[in-house]
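# Summary of the model geometry
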Amino acid sequence: MPTDPREGDEFVLAVPAKLDDPFPDLAYLREHRPVFFYPPLNSWFVFPYDPVHDLLQDPRLSSDRMRGFVDAAPADARPGVRTMVPYLETWMLMKDGADHARVRGHLQKGLTPAVVKRLAGPIRAAADALLDAAMPRGRLDAAGEYAFLLPAYVLSDLFGVPPADRPRLIAWSLAFVGFFNVLPITTQTAGDFVRSGTEMVAYARDLLANRRAAGGGDFLAAVAADGGLTDDEVAGNVMLLLLAGHLAVRNLVGNALWLLLTRPDQFARVKADPGLIPAAVEETLRFEPPVTLIPRVALEDVTVGGQSIKAGQVVQLSLAAANRDPAHFPDPDRFDLGRAAGHHLSFGAGVHGCFGAALAREVATIALETLIRRAPGLRLDPAGKIAWYRNAANRGPSVLPVTWGGAPGPG
Ligand code: HEM
């Protein structure tokens, strides 16, 4: 029997209102129930830093969590969802061991440090173009009109998608997120996912053929030149990159802006020294991770913190709780740009550690740097209303109205 409501009826992930600020409950669980089985979700949860860090890279836990999605779709939507399985099965995110290393290794050829570096110019140009449109207005929804669009444009550039097709990429991304993040899965979200997935896969195959013919140094051209993956494997992983690389970056940029604009002392430091922007990005990642929970499935019986996890059971690793573990981060509930460079777990750890981390950092740094430079006097818009996108695994503002005073900044 639970001894505290936070271990039962009031479990943090079971009470939607608690998603606004889950951190006090996560702190309680981290201290009192570090490795915790929650029967209504039929899952284990792990909260302290050390076991989360270790389990993220423990080969006794599998990353293959796809079957659950197919089985969780309503019966009438399952045949459609099954048509997507051959593509979902290509995702590096879901693979273990040698097959994971094979797929990730080939895709890595397309996202080298040199490719990320080459994207810096287009990222800056895209950020400036978005702000050019907003400058005369003096106000902006920094989430919807900026942090949401910028990573979509960057992924378009990465894949060689022409600007006219960007809205399609965005629509696909939203449909994928709806399927994976809105639980329970409905006939609607499953149908949207299958329609969008089918369209996107056809589009990605055309793009690949096009880049293969054209050659050059972009992501798909490099992956095509490497030749180690089938077209289905490339198309499937383009879907994954779109899903993984869009809203998480929006959430990172939105969270960073919200944290800075609600903490004038920290914001003043960044304005005085823009060289601190990468530190602001890192501290935002630690303090408000865009992805808060990572699932694994036990391949064999595993004992963690004295608890017996059985083969086949789901283990949810709480990055949000781990990142505020006082054993690793002194005064963890303080957002502090002066914190020593961290080892937060917001990009995961080990072989599955985020494939796009360097790109995400680059986009977020440029997004913040460009907005802060061009909009001196940047502040939350008192006439606007902030809206949040918060569920069990994702956190960030979906609407973040900001404004600025004085003359428009230079381009
Ligand atoms: C702030 C933004 C981002 C955050 C917080 C984030 C977070 C994560 C995390 C926590 C994982 C580990 C998953 C696991 O262990 O199961 C991961 C993996 C991954 N991320 Fe990211 N990510 C971000 C941006 C991106 C971007 C921009 C891309 C692509 C361009 C991307 C592509 C991927 C892929 C493909 C994987 C799977 C890697 C593998 O399984 O080997 N992510 N990400």
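This text goes with the structure placed above it.
Only a predicted model underlies this, so the values are computations on that prediction, with no experimental measurement involved.

This brings us to the nonpolar core. Grouped together as the largest cluster of nonpolar side chains are 108 residues, with contacts concentrated most on F159, F219 and L378. Counting 20 residues, the second largest nonpolar core, distinct from the first, contains V46, L55, V304 and A349.

It is worth spelling out the sheet that holds strand β12 (residues 401-403) at this point. If you walk across this open sheet you meet the three strands as β4-β12-β9, and the pairing is antiparallel. Strand pairing shows two members of the sheet lacking a second neighbour, β4 (139-141) and β9 (379-380), which therefore form its edges. Examined bridge by bridge, β9 and β12 share two bridges and lie antiparallel to one another. Its bridge partner lying in β12, L380 is registered against V402.

The next subject is the side chain of S346. You can see S346 is positioned in the loop between α16 (319-322) and α17 (357-374). Judged by its relative accessible area of 8%, S346 is buried. Side-chain polar atoms of S346 contact the side chain of N323, separated by 2.8 Å. Aside from chain neighbours lying at most four places away, what touches S346 is L285, R286, P289, L319 and N323.

What follows covers the packing of helix α6 (residues 113-134) against helix α8 (residues 149-159). Two quantities define a packed helix pair, namely the angle between the axes and the distance from one axis to the other. Where α6 meets α8, the closest approach of the two axes is 10 Å, and the angle between their N-to-C directions is 135 degrees. In terms of axis orientation, α6 runs oblique to α8. Crossing of α6 against α8: the hand is right-handed. Together, V115, L119, P122, I123, A126, A127 and L130 of α6 and L149, L150, Y153, V154, D157 and L158 of α8 make up the contact between the two elements.

We now examine the site of the ligand. Among the 27 residues in the neighbourhood of the ligand, the closest are listed as H100, R104, R296, H352 and C354. H100 is positioned with one of its side-chain polar atoms (N or O) 2.6 Å from an oxygen atom of the ligand. Taking H352, its side chain carries an N or O atom lying 2.5 Å from an oxygen atom of the ligand. Within the residue set of the shell around the ligand, elements represented by two or more residues are α5 (97-108), α12 (231-245), α13 (247-261), β5 (293-298) and α17. Of all the elements, α12 adds the most residues to the shell around the ligand, at four residues. When its residues are assigned to classes, the shell around the ligand shows 18 nonpolar, six polar and three charged.

This part covers the environment of S346. With 24 residues separating them along the chain, S346 and A322 place their C-alpha atoms 9.3 Å apart. A polar contact is formed between the side chain of S346 and the backbone oxygen of L285, at a distance of 2.6 Å.

In an ideal tetrahedron of four donors about a metal, each angle is 109.5 degrees. In an ideal octahedron of six donors, the angles are 90 or 180 degrees. In this structure the iron atom of the ligand is ligated by exactly one protein donor, C354 (SG), at 2.3 Å. Topologically, C354 is positioned in the loop between α16 and α17.

Using the criterion set out here, one finds 27 salt bridges in the structure. As a salt-bridge pair, D58 and R60 come within 2.8 Å of each other at their nearest N and O atoms. On the accessibility criterion, D58 (14% relative accessible area) is buried. R60 sits in the partly exposed class, given a relative accessible area of 31%. Residues joined in a network through salt bridges with shared partners are K95, D99, R102 and E233.

On to the pairing of strand β1 (residues 35-38), then. Remember that side chains alternate between the two faces of the sheet whenever the strand is regular. When β1 meets strand β2 (residues 43-46), the two strands line up antiparallel, connected through four bridges. Residue pairing in the sheet places V35 in a bridge with V46 of β2. In sequence, β1 turns back onto β2 through a hairpin of four residues, with N42 there showing a positive phi of about 50 degrees.

Turning our attention to the packing of aromatic side chains. This model, assessed by the stated rule, comprises 16 aromatic pairs. Their ring planes at 80 degrees and their centres at 5.5 Å tell us that F180 and F193 sit as a pair that is edge-to-face. Remark: F193 occurs in helix α10 (residues 187-214) and F180 occurs in helix α9 (residues 166-181); sequence separation between them is 13 residues. Per residue, the accessibility class of F180 equals that of F193, and both read buried. Among the aromatic residues, ring-to-ring pairing joins F11, F36, Y38, F45 and F47 into one connected group.

As a further point, take the sheet that holds β5. Pairing is mixed across the open sheet formed by five strands, whose spatial order is β1-β2-β8-β5-β3. Of all the strands in the sheet, just β1 and β3 (61-62) have a single pairing partner and so form its edges. In the sheet, β2 pairs with strand β8 (residues 314-318) via four bridges, with the strands oriented parallel. Opposite V46, over in β8, you have L317 as the bridge partner. Sheet contacts for helix α2 (residues 49-56): β2, β3, β5 and β8; angle to β8, the most-contacted strand, approximately 125 degrees.

The rules behind the values
Residues numbered from 1 in each chain as written. Predicted model: local features only at pLDDT ≥ 70, side-chain atom pairs only at ≥ 80, totals over all residues. Heavy atoms only, no water. Core = buried A, V, L, I, M, F, W, Y, C linked by side-chain atoms within 4.5 Å. Buried < 20%, exposed > 50% of the residue type's maximum accessible area, 1.4 Å probe, protein only. Pairing = 2+ DSSP bridges. Helix = DSSP H or I, 4+ residues; strand = E, 2+ residues; numbered from the N terminus. Polar contact = N/O pair within 3.5 Å; in protein donor to acceptor, adjacent residues only side chain to side chain. Contact = heavy atoms within 4.5 Å. Axes fitted to C-alpha atoms, helices over the stretch in contact; angles between N-to-C directions. Parallel < 35°, antiparallel > 145°, perpendicular 65-115°, else oblique. Left-handed = near helix turned anticlockwise from the far one by under 90°. Near = heavy atom within 4 Å. Nonpolar A, V, L, I, M, F, W, Y, C, P; charged D, E, K, R; others polar. Donors = N, O, S within 2.8 Å, 3.2 Å for Na, K, Ca; no water. Salt bridge = Lys/Arg side-chain N within 4 Å of Asp/Glu carboxyl O. Phe/Tyr/Trp six-rings, centres within 6.5 Å; stacked < 30°, edge-to-face > 60°.

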